[in-house]
Amino acid sequence: MIKQSLIFDYQIRATLRRKHHNPPIWIDNHWHDFQVTLHLRAQRNPSDMYGLDMVEMEQRLQEWGERLPIIVNDCPLCPGGTTEELCCYFASIPLESHVTLIGVSVAENSERLTYLSIS
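From a predicted model like this one, the values you see are computed outputs, not experimental measurements.

Chemist: Would you explain the overall build of the protein chain in this entry?
Modeler: Looking only at helices and strands, one finds 2 helices and 4 strands in the protein chain. Based on the C-alpha atoms only, the size of the protein chain along its principal axes is roughly 60 × 25 × 20 Å. Looking at the protein chain residue by residue over its 119 residues, the buried ones come to 37%. For the protein chain, long-range pairs separated by at least 24 residues make up 63% of all intrachain contacts whose partners lie at least 6 apart in sequence. Carbon and sulfur atoms make up 54% of the accessible area of the protein chain, which totals about 7,300 Å². Charged side chains of the protein chain number 10 positive and 15 negative; the gap between the two group centres comes to 4 Å.

Shown next as structure tokens:
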């Protein structure tokens, strides 16, 4: 039995099918299956079962993603439809006080990923 607190890092991922455009480069809306990953850190105390309820956090991420309009650019926080804006949007997800967000990544596809490091 471990008798000390330990720090664990977690990755919670969701895929979100949405349209976006990136003016002036891309004017027409086009579909992406955006893969959003929250990079989290939580402390697990000896009396705790786990540091982070990953199922609950995954559901929260899904719900946060479902709040985005079908066209990402229609969200006031993502007017340019960029992965950078999406990172910032998902960085505002509410967390429990013992959980720290250390980063957010958004990928349009497996070759292009944007990572927001949060210090």
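Chemist: Quick question: what am I supposed to make of the state of the cysteines here?
Modeler: In a disulfide, the sulfur atoms of two cysteines are held together by a covalent bond. One pass over the structure, following the stated rule, counts 0 disulfides. Left unpaired, Cys87 is separated from the closest cysteine sulfur, that of Cys88, by 6.8 Å. A relative accessible area of 1% means that Cys87 is categorised as buried.

Chemist: Which parts of the structure should I look at to understand the packing of aromatic side chains?
Modeler: A ring pair, where both rings are aromatic, is described by two values, the distance of the centres and the angle of the planes. The full count for this structure, using the stated rule, is 3 aromatic pairs. For the ring pair Phe8 and Tyr10, a centre distance of 6.4 Å and an interplane angle of 45 degrees mean the geometry is tilted. Overall, the relative accessible area of 33% leaves Phe8 in the partly exposed class. On the basis of relative accessibility, which here comes to 12%, the residue Tyr10 falls in the buried class. Note on Tyr89 and Phe90: the rings are 4.9 Å apart at their centroids and 85 degrees apart in plane angle, and the pair reads as edge-to-face. Exposure class is identical for Tyr89 and Phe90. Each is buried. An aromatic cluster of three or more residues is present, and its members are Trp64, Tyr89 and Phe90.

Chemist: For this particular structure, what's the right way to read helix H1 (residues 54-66)?
Modeler: Since there are 3.6 residues in each turn of an α-helix, residues three or four apart along the chain are aligned in direction. For H1, with 13 residues, the first-to-last C-alpha span of 18 Å sits near the 18 Å given by 1.5 Å per residue. Every buried residue belonging to H1 is among Met57, Leu61, Trp64 and Gly65, and all of these are buried. Summarising the axial view, the buried residues of H1 lie within an arc of 100 degrees, below the 170-degree limit, and thus occupy one face. In H1, those exposed residues whose orientation departs by more than 90 degrees from the buried face are Val55 and Glu66. Against strand E1 (6-22), strand E2 (26-44) and helix H2 (83-91) lie the buried residues of H1.

Chemist: Explain the side chain of Thr83 here, please?
Modeler: In this structure, Thr83 sits in helix H2. Within the local environment of Thr83, its side chain forms a polar contact with the side chain of Thr114, the two groups lying 2.5 Å apart. The residues contacting Thr83, other than those within four sequence positions of it, are Phe34, Val106, Glu108 and Thr114.

What counts as what
Residues numbered from 1 in each chain as written. Predicted model: local features only at pLDDT ≥ 70, side-chain atom pairs only at ≥ 80, totals over all residues. Heavy atoms only, no water. Helix = DSSP H or I, 4+ residues; strand = E, 2+ residues; numbered from the N terminus. Buried < 20%, exposed > 50% of the residue type's maximum accessible area, 1.4 Å probe, protein only. Contact = heavy atoms within 4.5 Å. Areas by Shrake-Rupley, 256 points an atom, 1.4 Å probe, with all protein chains shown as cover. Lys, Arg positive; Asp, Glu negative; His and termini not counted. Charge placed at Lys NZ, Arg CZ, Asp CG, Glu CD. Disulfide = S-S within 2.5 Å. Phe/Tyr/Trp six-rings, centres within 6.5 Å; stacked < 30°, edge-to-face > 60°. Expected span 1.5 Å × (residues − 1). Arc of directions from axis to C-beta. Polar contact = N/O pair within 3.5 Å; in protein donor to acceptor, adjacent residues only side chain to side chain.

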